[in-house]
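Summary of structural features
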Amino acid sequence: MTELLVGTKKGLMILRGARGGPFEVAARAFPGEVVEFATRDARSGRYFAAVTHGQFGPHLYFTDDPTKPWQQAEGPAFPASANAAVERIWVIEPGVGDGVVWCGVAPAALFRSGDGGKCWALVHGLWDVPARPQWEGGAGGLCLHSICPWPGDPKRLAVGISSAGVWLSDDAGMSWRRSIGGLVPRYLPEEARKDTHAFCVHNMRRAPRQPATLYMQFHGGVYRSDDAGESWVDIGTDRGLPSDFGFPLAIDPNDPDRAFVVPLSADADRVTPDGKVRVYETSDRGASWRALEKGLPQSQAYLTVLRQAFCTDSGSPLGLYFGAQSGEVFGSADGGRTWSTIASRLPPVASVRCA
Amino acid sequence: MPKVILTGSIRQHVGGLGVVEVDGDTAAAVVKALEASYPAVRGWIVDERGSLRRHVRLFLGQGAVSLEAPIGPNDELHIVAAISGG
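Below, the structure is looked at part by part. Quick caveat: nothing in here was measured; it's all calculated off a predicted structure.

Each helix and strand counted, chain A has 1 helix and 28 strands in total. What you see for chain A is a C-alpha radius of gyration of 19 Å, in line with the 20 Å of a compact globule of 355 residues. Every one of the 355 residues in chain A was classed for burial, and the buried ones make up 51%. Within chain A, contacts between residues at least 6 apart in sequence are counted, and of these 51% link residues at least 24 apart.

Turning to the nonpolar core, a few remarks are in order. Of all hydrophobic cores here, the largest spans 105 residues; its most connected members are Ala49, Cys103 and Val329 of chain A. If sequence neighbours within four positions are ignored, cysteine 103 of chain A has contacts with Leu60, Pro76, Ile89, Val91, Ile92, Phe111 and Trp120 of chain A.

Let's shift gears to the sheet that holds strand β2 (residues 11-17) of chain A. Whenever strands of a sheet pair, they do so through backbone hydrogen bonds, lying parallel or antiparallel. All names here are of chain A. The sheet built from 4 strands is open, its strands ordered β3-β2-β1-β28 with antiparallel pairing. Here the strands that pair on one side only, and so sit at the sheet edges, are β3 (23-29) and β28 (349-354). Averaged over all neighbouring strand pairs, the angle between strand axes comes to 25 degrees, with direction disregarded. Pairing between β2 and β3: 6 bridges, direction antiparallel. Within β3, the residue paired with leucine 12 across the bridge is alanine 29.

Outside of glycine, negative phi angles account for most residues, and trans bonds account for most peptide bonds. Residue and element names in this part refer to chain A. That bond from glycine 75 to proline 76 is cis: its omega, 5 degrees, falls within 30 degrees of zero. Mapped onto the fold, proline 76 is located in the loop between β7 (71-72) and β8 (88-94). With an omega of 0 degrees, the peptide bond running from serine 316 to proline 317 counts as cis. Topologically, proline 317 is positioned in the loop between β24 (310-312) and β25 (320-323).

Bringing helix α1 (residues 27-37) of chain B into the picture now. Residue and element names in this part refer to chain B. Every buried residue belonging to α1 is among Ala27, Val30, Val31 and Leu34, and all of these are buried. Along α1, the residues classed as buried sweep out an arc of 100 degrees about the axis, all on the same side. Looking at the buried positions of α1, the neighbouring elements they touch are β1 (3-6), β2 (19-21), β3 (56-60), β4 (63-65) and β5 (76-81).

Across the boundary between the two partners, chain B contributes 14 residues, which contact 10 residues of chain A. For the side of chain B that touches chain A, the class distribution of residues is 5 nonpolar, 5 polar and 4 charged.

Rules used throughout
- Residues numbered from 1 in each chain as written.
- Chains lettered and ligands numbered in written order.
- Predicted model: local features only at pLDDT ≥ 70, side-chain atom pairs only at ≥ 80, totals over all residues.
- Helix = DSSP H or I, 4+ residues; strand = E, 2+ residues; numbered from the N terminus.
- Rg over C-alpha atoms; globule rule 2.2 N^0.38 Å.
- Buried ≥ 20, exposed ≤ 12 C-beta atoms within 10 Å, placed from the backbone.
- Contact = placed C-beta atoms within 7 Å.
- Core = buried A, V, L, I, M, F, W, Y, C linked by C-beta atoms within 7 Å.
- Pairing = 2+ DSSP bridges.
- Axes fitted to C-alpha atoms, helices over the stretch in contact; angles between N-to-C directions.
- Arc of directions from axis to C-beta.
- Nonpolar A, V, L, I, M, F, W, Y, C, P; charged D, E, K, R; others polar.

If you want it as structure tokens, here you go:
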């Protein structure tokens with residue numbers, strides 16, 4: 001049985017079904033509310049949901065059983081000294097070490113929980129970096145959306161911020177340094193690129209079996225790092241992608257050479273190119289990409305897939321799942337060779353994660 | 001002591017109550033006292049900076065008021081979720 005947590009504009013949909021078989025909406029939580037993101041910490045079994053209430057702002061909830069009442073967490077909320085308020089909770093990521101969970105929000109900031117996600121505290125080391133006043137947001141706001149812990153090493157952490165680049169810490173978040181070597185912000189005039197802070201990271205994931213390997217979907221560009229995020233190499237240009245713009249990114253947790261993107265036409269046209277829904281796979285670290293499209297809509301399908309709406313399981317063959325703003329969720333149980341529509345007519349999908 | 005009149009889903013954070021009496025001589029002080037008595041409502045009416053949530057409205061008598069509005073001991077402050085959505 002596979003369980004998918006699908007955050008939508010009108011609540012959390014909990015889909016359950018046999019791998020490769022039909023799925024159903026087994027339960028729904030937060031009806032009518034915007035669920036930006038939901039995930040489950042496999043270590044504790046605890047579920048998290050980031051909910052933005054139309055009137056009452058963003059709040060984080062947790063439960064050990066998603067079909068039962070959820071409990072509101074203590075935070076994330078900025079301390080008074082920060083003079084800021086959380087606008088949206090973008091991501092919750094299990095950390096390394098007992099009870100450590102990370103949370104990324106807008107305006108771009110990182111929060112840490114040491115008690116499994118009940119109570120949260122601002123990571124001052126990142127909030128206080130001298131460059132922060134120069135950070136600017138993209139269309140989705142100034143947000144910290146990607147958190148990459150280092151399996152086995154609680155001190156090493158990488159985060160991705162739109163539009164403030166990649167930031168690395170080697171001391172569990174006490175101090176941070178920006179790492180944008182190799183990234184090309186083509187959306188800026190050439191003469192403005194040298195001194196800019198505007199590095200619009202759209203998504204970033206670390207390969208757990210080879211933690212020095214990271215993949216990134218940039219605002220125009222797909223990149224890989226072989227040195228833990230210190231530098232980046234272009235793997236998106238002239239290698240088989242119909243576009244190097246997009247948001248979703250997934251990696252095979254068992255194979256650091258294998259990653260997946262769902263390209264969108266362009267920043268000015270954020271839909272699947274040519275009316276075809278295609279996932280692109282590389283199995284050679286980005287040297288080449290090939291389309292995975294069997295079972296996906298291949299005509300008149302102009303879908304938007306958001307950055308948190310694509311995930312894998314850890315099975316073999318790999319399971320892949322993504323959802324669209326059109327309310328469909330697609331799944332593959334054979335590593336992307338064939339796909340099926342496992343849910344349709346849902347509200348717009350913001351996030352998809354395997355429980 | 002002023003009365004706070006709560007409507008809609010905000011009631012779930014004050015034990016399901018629709019009317020609560022708390023102290024305070026401004027709307028901000030009343031909200032702060034409400035949060036002190038009912039910690040679950042913290043972060044719902046005002047954010048962590050103390051700013052009124054964008055789609056929450058306060059009414060006193062016949063008009064909308066700000067957090068700075070003075071509140072008398074016999075006043076009724078209505079906290080209302082604005083008509084908004086999508």
